[in-house]
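Chain residues, written in single-letter form:
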Amino acid sequence: MSRLITILNGPNLNLLGKRQPHIYGYDTLETVENNCRTLCRDDFEVEFLQSNHEGQLVDWIHRARETSCGIGINAGAYTHTSVAILDALNAFEGPVIEIHISNVHKRESFRHHSYISLRADGAIVGFGIEGYEAAVRRIMTVVEAQK
Ligand code: CA2
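Quick caveat: nothing in here was measured; it's all calculated off a predicted structure.

Considering the nonpolar core
At step 1: Among the nonpolar cores identified, the biggest contains 24 residues, and Ile5, Phe48, Tyr132 and Val136 are the most heavily contacted of them.
At step 2: Counting residues per element, the ones that place at least two in this core are β1 (4-9), α2 (29-40), β2 (45-50), β4 (96-100) and α5 (130-146).
At step 3: Of all the elements, α5 adds the most residues to this core, at six residues.
At step 4: Ignoring sequence-local partners within four residues, the contact set of Val136 consists of Ile5, Ile7, Cys36, Leu39 and Cys40.
At step 5: Within the second largest apolar cluster, 18 residues are counted, among which are Leu49, Ile71, Ile73 and Val96.

What follows is the structure, given as structure tokens:
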């Protein structure tokens, strides 16, 4: 069984730590990636990806069908718009955990609906960047239980 966990990040998350720290904090995506890798130690591997393009995220989800045991996804604004990402996730068989750094339910109403949630096995919102480690931890637990 694969021991690779795919963490996907959608549009604008490359700006993490560089803009709007009052919403998203001061840590960069590189720090988040390092935190996830540290958590996995030698037990699992992490591939940590970011794209501003919907189709690229879809392609990575397709690839994960062959390579990965679980997906953590912060689809950014595509969370609220993308049936294409939902369809791709529906074709992935392992655990899918949805991540949002901010508490989307406390924000504008257009952020309250998530297409990703129609597929996700769990969701973490409003825990800041700690949500990524929680997602990785959950995927490791689910995958270990399947052995
Ligand atoms: O809270 C989250 O993680 C979001 O997925 C972030 C998205 C937003 O559209 C979702 O509604 C909630 C936005 C990501 C933009 O990230 C930035 C980070 C720093 C500076 C500017 C944008």
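Overview of the side chain of His100
At step 1: Tracing the sequence through the fold places His100 in strand β4.
At step 2: Judged by its relative accessible area of 6%, His100 is buried.
At step 3: Not counting residues up to four positions away in its chain, the partners in contact with His100 are Asn74, Thr79, Ile124, Val125, Gly126 and Phe127.

The rules behind the values
- Residues numbered from 1 in each chain as written.
- Predicted model: local features only at pLDDT ≥ 70, side-chain atom pairs only at ≥ 80, totals over all residues.
- Heavy atoms only, no water.
- Core = buried A, V, L, I, M, F, W, Y, C linked by side-chain atoms within 4.5 Å.
- Buried < 20%, exposed > 50% of the residue type's maximum accessible area, 1.4 Å probe, protein only.
- Helix = DSSP H or I, 4+ residues; strand = E, 2+ residues; numbered from the N terminus.
- Contact = heavy atoms within 4.5 Å.

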